[in-house]
Amino acid sequence: MNEIVRFDKVVKSFGSAQVLRGVSFSVERGQVVALIGRSGSGKTTALRCINGLETVQDGELHVCGREMHRNNVDLHALRKEVGIVFQSYNLFPHMTVLQNVTLGPRKVKAMARAQADELGMRMLEKVGLGERAGYYPEQLSGGQQQRAAIARSLAMEPELMLFDEVTSALDPELTGEVLKVIAGLAADGMTMVLVTHEMEFARSVADRIVFMHQGVVWETGGRDLLDNATTPELQQFVGNGL
(Lines give C-alpha, C1' and ligand atoms only; values in the text may rest on other atoms or scores of the structure.)
Protein backbone atom coordinates (compact mmCIF):
# COMPACT_ATOMS: atom_id res chain seq x y z
CA MET A 1 0.00 0.00 0.00
CA ASN A 2 1.12 3.56 -0.59
CA GLU A 3 -0.24 7.00 0.18
CA ILE A 4 -2.62 8.52 -2.35
CA VAL A 5 -3.55 11.49 -0.10
CA ARG A 6 -1.48 13.14 2.61
CA PHE A 7 -2.44 16.18 4.66
CA ASP A 8 0.48 17.68 6.59
CA LYS A 9 -0.50 20.57 8.91
CA VAL A 10 -2.93 21.98 6.34
CA VAL A 11 -4.46 25.38 7.09
CA LYS A 12 -7.49 26.90 5.34
CA SER A 13 -9.37 30.09 6.19
CA PHE A 14 -12.38 31.87 4.77
CA GLY A 15 -11.84 35.51 5.60
CA SER A 16 -11.13 35.72 9.33
CA ALA A 17 -12.59 32.27 10.01
CA GLN A 18 -9.95 29.55 10.17
CA VAL A 19 -11.70 26.33 9.16
CA LEU A 20 -8.71 23.98 9.00
CA ARG A 21 -6.15 24.58 11.74
CA GLY A 22 -3.27 22.28 10.93
CA VAL A 23 -4.96 19.12 9.66
CA SER A 24 -2.81 16.01 9.22
CA PHE A 25 -3.91 12.57 8.04
CA SER A 26 -3.27 10.25 5.13
CA VAL A 27 -5.16 7.84 2.88
CA GLU A 28 -3.51 4.69 1.58
CA ARG A 29 -4.31 3.29 -1.85
CA GLY A 30 -7.27 0.90 -1.52
CA GLN A 31 -8.38 2.36 1.82
CA VAL A 32 -11.80 3.71 2.74
CA VAL A 33 -11.47 6.68 5.11
CA ALA A 34 -14.53 8.22 6.78
CA LEU A 35 -14.41 11.84 7.94
CA ILE A 36 -16.87 12.42 10.77
CA GLY A 37 -17.64 15.36 13.04
CA ARG A 38 -20.16 18.06 13.75
CA SER A 39 -21.17 20.66 11.19
CA GLY A 40 -18.44 23.26 10.94
CA SER A 41 -15.66 20.90 12.02
CA GLY A 42 -13.89 21.26 8.65
CA LYS A 43 -14.50 17.84 7.13
CA THR A 44 -16.18 19.05 3.91
CA THR A 45 -13.54 21.75 3.46
CA ALA A 46 -10.85 19.08 3.78
CA LEU A 47 -12.61 16.98 1.15
CA ARG A 48 -12.89 19.94 -1.23
CA CYS A 49 -9.17 20.66 -0.82
CA ILE A 50 -8.40 17.13 -2.05
CA ASN A 51 -10.15 17.85 -5.35
CA GLY A 52 -8.75 21.37 -5.68
CA LEU A 53 -12.13 23.04 -5.14
CA GLU A 54 -10.50 24.91 -2.25
CA THR A 55 -6.90 26.06 -2.07
CA VAL A 56 -4.50 25.27 0.75
CA GLN A 57 -3.06 28.35 2.48
CA ASP A 58 -0.42 26.68 4.63
CA GLY A 59 0.97 23.22 5.19
CA GLU A 60 1.26 20.56 2.50
CA LEU A 61 -1.33 18.46 0.70
CA HIS A 62 -0.31 15.68 -1.67
CA VAL A 63 -2.98 14.03 -3.88
CA CYS A 64 -2.17 11.37 -6.50
CA GLY A 65 1.43 12.54 -6.57
CA ARG A 66 0.50 16.20 -7.00
CA GLU A 67 1.47 18.98 -4.59
CA MET A 68 -1.85 20.73 -4.03
CA HIS A 69 -0.19 23.42 -1.89
CA ARG A 70 1.62 24.73 -4.98
CA ASN A 71 0.10 27.24 -7.39
CA ASN A 72 0.85 25.26 -10.55
CA VAL A 73 -1.38 22.21 -10.06
CA ASP A 74 -3.05 20.99 -13.27
CA LEU A 75 -6.61 20.70 -11.95
CA HIS A 76 -7.89 19.40 -15.29
CA ALA A 77 -5.53 16.43 -15.06
CA LEU A 78 -6.22 15.96 -11.34
CA ARG A 79 -9.96 15.64 -11.88
CA LYS A 80 -9.42 12.80 -14.32
CA GLU A 81 -8.00 10.90 -11.35
CA VAL A 82 -10.19 12.17 -8.50
CA GLY A 83 -13.99 11.86 -8.70
CA ILE A 84 -16.34 13.63 -6.33
CA VAL A 85 -20.04 13.13 -5.58
CA PHE A 86 -21.94 15.85 -3.74
CA GLN A 87 -25.14 16.00 -1.68
CA SER A 88 -26.97 17.35 -4.73
CA TYR A 89 -26.92 15.16 -7.80
CA ASN A 90 -26.15 17.92 -10.35
CA LEU A 91 -27.41 15.84 -13.28
CA PHE A 92 -28.24 17.69 -16.50
CA PRO A 93 -32.06 17.50 -16.77
CA HIS A 94 -32.12 17.68 -20.59
CA MET A 95 -29.85 14.64 -20.95
CA THR A 96 -30.67 10.98 -20.42
CA VAL A 97 -28.96 9.10 -17.60
CA LEU A 98 -26.54 7.48 -20.07
CA GLN A 99 -25.75 10.84 -21.68
CA ASN A 100 -25.01 12.31 -18.25
CA VAL A 101 -22.68 9.43 -17.43
CA THR A 102 -20.78 9.52 -20.73
CA LEU A 103 -20.37 13.30 -20.95
CA GLY A 104 -17.07 13.30 -19.04
CA PRO A 105 -15.35 10.50 -20.96
CA ARG A 106 -16.40 12.02 -24.28
CA LYS A 107 -15.55 15.65 -23.53
CA VAL A 108 -12.60 15.29 -21.17
CA LYS A 109 -11.00 12.09 -22.49
CA ALA A 110 -12.15 12.52 -26.11
CA MET A 111 -13.56 8.99 -26.06
CA ALA A 112 -15.55 7.84 -29.09
CA ARG A 113 -19.31 7.69 -28.53
CA ALA A 114 -19.58 3.90 -28.92
CA GLN A 115 -16.74 3.29 -26.47
CA ALA A 116 -18.17 5.86 -24.03
CA ASP A 117 -21.62 4.28 -24.25
CA GLU A 118 -20.18 0.84 -23.53
CA LEU A 119 -18.28 2.22 -20.53
CA GLY A 120 -21.33 4.16 -19.35
CA MET A 121 -23.54 1.08 -19.47
CA ARG A 122 -20.98 -0.88 -17.43
CA MET A 123 -21.00 1.83 -14.78
CA LEU A 124 -24.80 2.01 -14.73
CA GLU A 125 -24.97 -1.77 -14.33
CA LYS A 126 -22.51 -1.49 -11.45
CA VAL A 127 -24.86 0.89 -9.59
CA GLY A 128 -28.00 -1.06 -10.56
CA LEU A 129 -29.34 1.38 -13.15
CA GLY A 130 -28.73 -0.43 -16.43
CA GLU A 131 -32.45 -0.51 -17.19
CA ARG A 132 -32.74 3.26 -16.58
CA ALA A 133 -30.09 4.34 -19.11
CA GLY A 134 -32.64 6.02 -21.40
CA TYR A 135 -34.54 7.77 -18.62
CA TYR A 136 -34.24 11.47 -17.78
CA PRO A 137 -33.29 12.57 -14.26
CA GLU A 138 -36.82 13.75 -13.44
CA GLN A 139 -38.05 10.18 -14.05
CA LEU A 140 -35.77 8.81 -11.31
CA SER A 141 -36.12 8.72 -7.53
CA GLY A 142 -33.62 10.64 -5.42
CA GLY A 143 -31.70 7.48 -4.66
CA GLN A 144 -31.55 6.57 -8.33
CA GLN A 145 -30.34 10.07 -9.23
CA GLN A 146 -27.58 9.82 -6.63
CA ARG A 147 -26.56 6.42 -7.96
CA ALA A 148 -26.46 7.93 -11.47
CA ALA A 149 -24.18 10.67 -10.12
CA ILE A 150 -21.88 7.98 -8.70
CA ALA A 151 -21.87 6.19 -12.08
CA ARG A 152 -20.96 9.48 -13.77
CA SER A 153 -17.88 9.85 -11.54
CA LEU A 154 -16.93 6.19 -11.97
CA ALA A 155 -17.04 6.59 -15.76
CA MET A 156 -13.93 8.76 -15.52
CA GLU A 157 -12.19 5.68 -14.06
CA PRO A 158 -10.67 7.65 -11.17
CA GLU A 159 -7.99 6.49 -8.77
CA LEU A 160 -9.82 8.11 -5.86
CA MET A 161 -13.49 8.77 -5.10
CA LEU A 162 -14.75 11.46 -2.73
CA PHE A 163 -18.26 11.45 -1.25
CA ASP A 164 -19.68 14.49 0.54
CA GLU A 165 -22.71 13.54 2.66
CA VAL A 166 -24.25 11.86 -0.38
CA THR A 167 -27.23 10.50 1.56
CA SER A 168 -28.15 13.63 3.54
CA ALA A 169 -31.08 14.55 1.27
CA LEU A 170 -32.50 11.02 1.06
CA ASP A 171 -35.04 9.15 3.15
CA PRO A 172 -33.88 5.96 4.92
CA GLU A 173 -34.94 3.54 2.16
CA LEU A 174 -33.16 5.50 -0.57
CA THR A 175 -30.16 6.00 1.71
CA GLY A 176 -29.81 2.22 1.88
CA GLU A 177 -29.72 1.99 -1.93
CA VAL A 178 -26.83 4.43 -2.18
CA LEU A 179 -24.84 3.03 0.76
CA LYS A 180 -25.09 -0.45 -0.79
CA VAL A 181 -23.43 0.89 -3.95
CA ILE A 182 -20.63 2.53 -1.96
CA ALA A 183 -20.12 -0.65 0.06
CA GLY A 184 -19.78 -2.53 -3.23
CA LEU A 185 -17.09 -0.10 -4.41
CA ALA A 186 -15.25 -0.61 -1.12
CA ALA A 187 -15.40 -4.38 -1.63
CA ASP A 188 -13.91 -3.87 -5.12
CA GLY A 189 -10.93 -2.03 -3.60
CA MET A 190 -11.79 1.53 -4.66
CA THR A 191 -9.91 4.17 -2.67
CA MET A 192 -12.50 6.45 -1.07
CA VAL A 193 -12.82 9.35 1.34
CA LEU A 194 -16.34 9.78 2.74
CA VAL A 195 -17.77 12.67 4.68
CA THR A 196 -20.69 11.00 6.39
CA HIS A 197 -23.10 11.23 9.30
CA GLU A 198 -24.03 7.55 8.92
CA MET A 199 -22.11 6.15 11.88
CA GLU A 200 -23.12 2.52 11.40
CA PHE A 201 -22.09 2.72 7.76
CA ALA A 202 -18.72 4.20 8.74
CA ARG A 203 -18.30 1.45 11.31
CA SER A 204 -19.00 -1.30 8.76
CA VAL A 205 -17.17 0.01 5.67
CA ALA A 206 -14.35 2.37 6.68
CA ASP A 207 -10.82 1.07 7.20
CA ARG A 208 -10.01 4.28 9.04
CA ILE A 209 -12.17 6.88 10.79
CA VAL A 210 -11.04 10.47 11.24
CA PHE A 211 -12.97 12.51 13.81
CA MET A 212 -12.62 16.23 13.13
CA HIS A 213 -13.42 18.82 15.78
CA GLN A 214 -12.87 22.58 15.67
CA GLY A 215 -10.81 22.38 12.49
CA VAL A 216 -8.32 19.73 13.58
CA VAL A 217 -8.06 15.94 13.57
CA TRP A 218 -9.18 15.29 17.12
CA GLU A 219 -9.05 11.51 17.11
CA THR A 220 -8.40 8.83 14.51
CA GLY A 221 -8.32 5.05 14.39
CA GLY A 222 -9.76 1.90 12.87
CA ARG A 223 -13.44 1.07 12.53
CA ASP A 224 -13.55 0.22 16.24
CA LEU A 225 -12.81 3.85 17.10
CA LEU A 226 -16.50 4.59 17.59
CA ASP A 227 -16.67 1.94 20.31
CA ASN A 228 -13.40 2.98 21.94
CA ALA A 229 -13.41 6.79 21.87
CA THR A 230 -10.75 8.20 24.18
CA THR A 231 -11.71 11.90 24.15
CA PRO A 232 -14.85 13.40 25.73
CA GLU A 233 -15.63 15.18 22.45
CA LEU A 234 -15.86 11.96 20.41
CA GLN A 235 -17.65 10.15 23.23
CA GLN A 236 -20.29 12.89 23.27
CA PHE A 237 -20.52 12.94 19.46
CA VAL A 238 -21.07 9.19 19.27
CA GLY A 239 -23.34 9.19 22.32
CA ASN A 240 -25.59 11.83 20.79
CA GLY A 241 -25.92 9.73 17.64
CA LEU A 242 -24.95 12.71 15.52
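Look above for the structure.
Parameters at a glance
- Residues numbered from 1 in each chain as written.
- Predicted model: local features only at pLDDT ≥ 70, side-chain atom pairs only at ≥ 80, totals over all residues.
- Heavy atoms only, no water.
- Helix = DSSP H or I, 4+ residues; strand = E, 2+ residues; numbered from the N terminus.
- Rg over C-alpha atoms; globule rule 2.2 N^0.38 Å.
- Buried < 20%, exposed > 50% of the residue type's maximum accessible area, 1.4 Å probe, protein only.
- Areas by Shrake-Rupley, 256 points an atom, 1.4 Å probe, with all protein chains shown as cover.
- Axes fitted to C-alpha atoms, helices over the stretch in contact; angles between N-to-C directions.
- Parallel < 35°, antiparallel > 145°, perpendicular 65-115°, else oblique.
- Left-handed = near helix turned anticlockwise from the far one by under 90°.
- Contact = heavy atoms within 4.5 Å.
- Nonpolar A, V, L, I, M, F, W, Y, C, P; charged D, E, K, R; others polar.
- Salt bridge = Lys/Arg side-chain N within 4 Å of Asp/Glu carboxyl O.

Further remarks concern the overall build of the chain. When you go through the chain residue by residue, the secondary structure sums to eight helices and 10 strands. On C-alpha atoms alone, the chain measures out to a radius of gyration of 18 Å, which is about the 18 Å that the 2.2 N^0.38 rule sets for 242 residues. If you line up the chain on its principal axes, its C-alpha atoms span 50 × 45 × 35 Å. For the chain, the residues scored as buried account for 51% of the 242 residues in total. Accessible surface for the chain amounts to roughly 11100 Å². Of this, 46% is attributable to carbon and sulfur atoms.

Right, let's get into unusual backbone geometry. A negative phi angle characterises most non-glycine residues, just as the trans form characterises most peptide bonds. Unusually for a residue other than glycine, Asn90 sits at a positive phi of about 55 degrees. Residue Asn90 is classed as partly exposed on the basis of its relative accessible area, which comes to 45%. At Ala110, a position not held by glycine, the phi torsion is positive, near 55 degrees. As for its position among the elements, Ala110 is in the loop between helix 3 (97-107) and helix 4 (113-126).

Attention now goes to the packing of helix 3 against helix 4. Remark: helix 3 packs on helix 4, axes separated minimally by 9 Å, with the N-to-C direction vectors making an angle of 120 degrees. By the angle between their directions, the pair helix 3 and helix 4 is classed as oblique. Both helix 3 and helix 4 take part in a crossing whose hand is right-handed. For the pair helix 3 and helix 4, the contacting residues are Val97, Leu98, Val101, Thr102, Pro105 and Arg106 in the first and Arg113, Ala116, Asp117, Leu119, Gly120, Met121 and Leu124 in the second. Classifying every residue of the contact of helix 3 with helix 4 gives eight nonpolar, two polar and three charged.

Before going further, it helps to spend a moment on the pattern of salt bridges. Taken as a whole, this structure holds 13 salt bridges when the rule is applied. Arg48 is paired through a salt bridge with Glu54; the nearest N and O atoms lie 3.2 Å apart. With a relative accessible area of 27%, Arg48 lands in the partly exposed category. Given the relative accessible area of 17%, Glu54 is considered buried. We note a salt bridge from Glu200 to Arg203, for which the minimum N-O separation is 3.0 Å.

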